[in-house]
Amino acid sequence: MHRLPKLPHTMCFGETRKVNWQSLISVGGAQYSVPHELIDQRVWVRIVGEQLVVIHVDGPAGPREVARHRLTTPGRPSIQDEHYPPRPAGALDRRPRARSEQERAFLGLGDGAEAWLIKAGAAGAQRVRRKMAEAVDLAKLHGSEEVDHALKRCADAGRFGDGDLASILAHQQTGELILFPARCEEHSLQRSTKSWEGLGR
């Protein structure tokens, strides 16, 4: 009696393929994705009915299924998003981190300040540091909450020019709400179209 092998005979797993740098393998001229952790490693593939089964044998846990795809044709790759790492955050998804006392004071104004800084950077605004210092100075005069609210309005409206923050802040404090009528006037000087009703009959 000899000792049984640690791994089963690999013929049952199908054919070997090497995972390329794009985390893809090619079977029958068509491409299929596999988990990105297996880049440059060997996997085994076999067709079961209408599906392609991908097995990884060389890991410490032994043979395991790592991917399963519906069969496809050349030029129509089968890609599964879960096989790839999450994309890095874009410019609008990053949260700013203060690196100086001035930046800490600005971001300390609130969420509006953070939104303003993110969108001002994305819009390519000029003299951002000077405008941040101006916002901190305005907060000492008018209160952090008012300035933070004005910064949020600036960010939403895309206004990052000189004097925009002060203008919106002034409007917040002195602007009056204009009430529109609840309904239109019932009478109008415009001629009616009643005389045209019989046209074409």
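Scroll up to find the structure this text is about.
The following paragraphs examine the structure supplied in this document. All values reported here derive from a predicted model rather than from experimental measurement.

Looking at the overall build of the protein
Assigned secondary structure in the protein consists of five helices and six strands. Its helices and strands taken in sequence order, the protein reads β-β-β-β-β-β-α-α-α-α-α from the N to the C terminus. Out of the 201 residues in the protein, the part that is buried amounts to 29%. In the protein, the share of contacts with a sequence separation of at least 24, taken over all contacts with a separation of at least 6, comes to 47%.

As for the pairing of strand S2 (residues 24-27)
Inspection of the sheet shows S2 paired to strand S3 (residues 30-33) by four bridges, in the antiparallel sense. Its bridge partner being in S3, Val27 is matched across the sheet by Ala30. Between the antiparallel neighbours S2 and S3 lie two residues, among them Gly28 with a positive phi of about 60°.

Focus on the sheet that holds strand S6 (residues 64-70)
Ordered by their spatial adjacency, four strands build an open sheet running S1-S4-S5-S6, and the pairing between neighbours is antiparallel. Looking along the sheet, the strands with just one partner apiece sit at the ends: strand S1 (15-18) and S6. Adjacent strand axes in the sheet meet at a mean angle of 35° when their direction is disregarded. The pairing of strand S4 (residues 42-48) with strand S5 (residues 51-56) spans five bridges and is classified as antiparallel.

Regarding helix H2 (residues 111-123)
Compared with the 18 Å implied by 1.5 Å per residue over 13 residues, the 18 Å span of H2 between its first and last C-alpha is a close match. Every buried residue of H2 is listed here: Gly112, Ala113, Glu114, Ala115, Trp116, Ile118 and Ala120. Contacts from the buried residues of H2 go to helix H1 (101-107), helix H3 (128-142) and helix H4 (144-157). Looking at the residues trailing H2, positive phi occurs at Gly124, about 75°.

Some thoughts on unusual backbone geometry
We note that Ser23 has phi near 65°; this positive angle belongs to a residue other than glycine. Along the chain, Ser23 falls in the loop between S1 and S2.

Observations regarding the nonpolar core
Phe106, Leu109, Trp116, Ala135, Val147, Leu151 and Leu165 are the most contacted members of the largest nonpolar core, which has 22 residues in total. Every element with two or more residues in this core is listed here: H1, H2, H3, H4 and helix H5 (164-174). Of all the elements, H3 adds the most residues to this core, at six residues. Core analysis: the next-biggest nonpolar cluster, separate from the first, contains 13 residues, Tyr32, Val45, Val54 and Val66 among them.

Thoughts on the packing of H4 against H5
Where H4 contacts H5, the axes come no closer than 9 Å and their chain directions differ by 115°. The handedness of the crossing between H4 and H5 comes out as right-handed. Only Asp164, Leu165, Ile168, Leu169, His171, Gln172 and Gln173 of H5 make contact with H4, whose side of the interface consists of Glu146, Val147, His149, Ala150, Leu151, Arg153 and Cys154. Grouping the amino acids of the contact of H4 with H5 by side-chain chemistry returns seven nonpolar, four polar and three charged.

Some thoughts on the packing of aromatic side chains
For the coordinates displayed, the defined rule picks out two aromatic pairs. The interplanar angle of 65° and the centroid separation of 5.7 Å between the aromatic rings of Phe106 and Trp116 together place this pair among those described as edge-to-face. Within this pair, whereas Phe106 is found in helix H1, its partner Trp116 is found in helix H2, the two being separated by ten residues in sequence. Using a relative accessible area of 0% as the deciding quantity, one classes Phe106 as buried. Look at Trp116 and Phe160: their rings are 5.9 Å apart centre to centre, the planes differ by 70°, and that puts the pair in the edge-to-face class.

What to know about the pattern of salt bridges
By the definition in use, this model includes eleven salt bridges. For Arg68, the salt bridge is made with Glu65, and the minimal N-O distance between the two is 2.8 Å. With a relative accessible area of 35%, Arg68 lands in the partly exposed category. Looking at Glu65, the relative accessible area reads 41%, which means it is partly exposed. With a closest N to O distance of 4.0 Å, Lys119 and Asp156 form a salt bridge. Of the two residues, Lys119 sits in helix H2 while Asp156 sits in helix H4, which places them 37 residues apart along the sequence.

Analysis parameters
Residues numbered from 1 in each chain as written. Predicted model: local features only at pLDDT ≥ 70, side-chain atom pairs only at ≥ 80, totals over all residues. Heavy atoms only, no water. Helix = DSSP H or I, 4+ residues; strand = E, 2+ residues; numbered from the N terminus. Buried < 20%, exposed > 50% of the residue type's maximum accessible area, 1.4 Å probe, protein only. Contact = heavy atoms within 4.5 Å. Pairing = 2+ DSSP bridges. Axes fitted to C-alpha atoms, helices over the stretch in contact; angles between N-to-C directions. Expected span 1.5 Å × (residues − 1). Core = buried A, V, L, I, M, F, W, Y, C linked by side-chain atoms within 4.5 Å. Left-handed = near helix turned anticlockwise from the far one by under 90°. Nonpolar A, V, L, I, M, F, W, Y, C, P; charged D, E, K, R; others polar. Phe/Tyr/Trp six-rings, centres within 6.5 Å; stacked < 30°, edge-to-face > 60°. Salt bridge = Lys/Arg side-chain N within 4 Å of Asp/Glu carboxyl O.

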